Amino acid sequence: MFFSKQSDNWVGYIMNYQSFSFLLLSRKFTSIFVGISFIINIFPAFAEVKPQAPKPANRTTKAPSSGIVFKPRDRKPASENSRAGGSRGCAISNGIPITQLAPQAFIGKTASTRPMLAWYMSSSQTVEFRLFELKSGATPKQIGEPTEISGTVGINKLKLPLDYPELTVGKTYLWQIAINCENDVNVNRAEFTVINPQSLPKKQSTSIEESVNYYTENELWYEAFEESLKVANNGKLSSIASKLIQELAQSEISMKSEADIGNVKNRTEYLQKISAI
């Protein structure tokens, strides 16, 4: 009887333990199920993976910086003939007088017998254009007749007109632009030499910037600037043209002499302002 009673108690104990274990196990499964349901409800991506559309790339209207460099190795100083005239009495609306966009402190280069000439104006005004041939020790020889051009605000361009003879390889020329203002005349002069295009390496370029780099590497300012103006930018200078003008300003700073230090400093400031337009 004693053994039988203990057996019954032991069996009851086991059954109670099994019931308790089953209850614990059930609660664990319930907790796991509730946890999974919570995760699915909070993060539906676990339940259904949907492809996401790629984010649009950030767009900017800022032009990329240009890698243009204009540092001519052969910078022969311009003659006394190229000293610009004064601008006394000439009103300047934005602080920038008529300015040639070409080397003035040194003799520029072109491989064209009809180069494109360019300058900046802050007002619409008639411009007188003249062309001269320069010879060492001789008085400048005028070529053709003076030409009047209707200047406009901004960058002005002039391809050497057909009523002027083609320029000659190996010769040096001076081009002059002048405007009248309040009984005074503002004159700008720049010199350039025509080089033989056959002496240049073969041009291999597919973009405007590559073409400009080709011309600057060969010290051909006039071709480089003409090419840079082919890039339109809502009526403003492209980053290529702007960088080229900045490079021109820097190339002339090192050419300044004690006599011309004031003029070169002013011109450099004008070129920097034009490059920002």
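Since the structure is predicted, the reported quantities are computational estimates derived from the model, not experimental observations.

Cut-offs and rules
Residues numbered from 1 in each chain as written. Predicted model: local features only at pLDDT ≥ 70, side-chain atom pairs only at ≥ 80, totals over all residues. Heavy atoms only, no water. Salt bridge = Lys/Arg side-chain N within 4 Å of Asp/Glu carboxyl O. Helix = DSSP H or I, 4+ residues; strand = E, 2+ residues; numbered from the N terminus. Buried < 20%, exposed > 50% of the residue type's maximum accessible area, 1.4 Å probe, protein only. Pairing = 2+ DSSP bridges. Axes fitted to C-alpha atoms, helices over the stretch in contact; angles between N-to-C directions. Contact = heavy atoms within 4.5 Å. Phe/Tyr/Trp six-rings, centres within 6.5 Å; stacked < 30°, edge-to-face > 60°. Polar contact = N/O pair within 3.5 Å; in protein donor to acceptor, adjacent residues only side chain to side chain. Core = buried A, V, L, I, M, F, W, Y, C linked by side-chain atoms within 4.5 Å.

### Some thoughts on the pattern of salt bridges
With the rule as written, the count across this model stands at 10 salt bridges. Lys 109 is paired through a salt bridge with Asp 74; the nearest N and O atoms lie 3.3 Å apart. With Lys 109 in strand S2 (residues 108–110) and Asp 74 in the loop between helix H2 (44–47) and strand S1 (99–100), this residue pair connects regions lying 35 residues apart in the sequence. For Lys 109, a relative accessible area of 18% translates into the label buried. A salt bridge links Glu 226 to Lys 159; the shortest N-O distance between them is 3.2 Å. Taken together, the residues span a long stretch of sequence, with Glu 226 in helix H4 (residues 221–228) and Lys 159 in strand S6 (residues 154–159) at a distance of 67 residues. With a relative accessible area of 43%, Lys 159 lands in the partly exposed category. One connected set of salt bridges, linked through shared partners, spans Arg 73, Asp 74, Lys 109 and Glu 219.

### Quick word on the sheet that holds S2
Each strand in a sheet pairs with its neighbour through backbone hydrogen bonds, running either in the same direction (parallel) or in the opposite one (antiparallel). Here we have 5 strands laid out as an open sheet, ordered S2-S8-S7-S4-S5, and mixed in their pairing. Both edges of this open sheet fall to S2 and strand S5 (141–151), since each of them pairs with a single strand only. Across the sheet, the mean angle from the axis of one strand to that of its neighbour is 30°, orientation sign disregarded. Relative to strand S8 (residues 184–194), strand S7 (residues 172–181) runs antiparallel, the two being bridged by 10 bridges. Of the residues in S8, the one forming a bridge with Ile 179 is Asn 186. Packed onto the sheet, H4 meets S2, S7 and S8 and runs at close to 75° relative to S2.

### Some words on the sheet that holds strand S3 (residues 116–121)
Spatially, 3 strands are ordered S1-S3-S6 in an open sheet, and the strand pairing comes out antiparallel. Two strands close off the open sheet at either side, each with one partner strand: S1 and S6. In terms of strand pairing, S1 meets S3 through 2 bridges, oriented antiparallel. In the sheet register, Thr 99 faces S3, and the bridge partner there is Tyr 120. Of the strands in this sheet, S3 and S6 touch H4, which is tilted by about 65° from S3.

### Structural notes on the packing of aromatic side chains
All chains considered together, the criterion is met by 7 aromatic pairs. Aromatic side chains Trp 119 and Trp 175 sit 6.4 Å apart centroid to centroid with 45° between the ring planes, which places their arrangement in the tilted category. Taken as a pair, Trp 119 in strand S3 and Trp 175 in strand S7 lie far apart in primary sequence, 56 residues in all. Given the relative accessible area of 0%, Trp 175 is considered buried. For the pair Tyr 214 and Tyr 215, a centre-to-centre distance of 5.4 Å together with 70° between the ring planes defines the contact as edge-to-face. By the burial criterion, Tyr 214 is buried, and Tyr 215 matches it.

### Observations regarding the pairing of S5
In the sheet, strand S4 (residues 125–134) pairs with S5 via 8 bridges, with the strands oriented antiparallel. When the bridges of S5 are listed, Glu 133 appears paired with Lys 141. Where S4 folds back onto S5 in an antiparallel hairpin, the turn is made up of 6 residues, including Gly 137, whose phi is positive at roughly 75°.

### Here's the deal with the environment of Lys 203
Within the secondary structure, Lys 203 is located in the loop between S8 and helix H3 (208–217). Sequence spacing of Lys 203 and Tyr 215 is 12 residues, and the spatial spacing of their C-alpha atoms is 9.0 Å. Excluding residues within four positions of it along the chain, Lys 203 makes contact with Ser 211, Tyr 214 and Tyr 215. In this structure the side chain of Lys 203 is engaged in a polar contact, spanning 3.1 Å, whose partner is the side chain of Tyr 215.

### Remarks on the nonpolar core
Ranked by internal contacts, the top residues of the largest apolar core, which has 49 residues, are Trp 119, Phe 129, Leu 131, Trp 175 and Phe 225. In this structure, Phe 225 is in contact with Leu 101, Met 116, Ala 118, Ala 241, Leu 244 and Ile 245, ignoring residues within four places of it in sequence.

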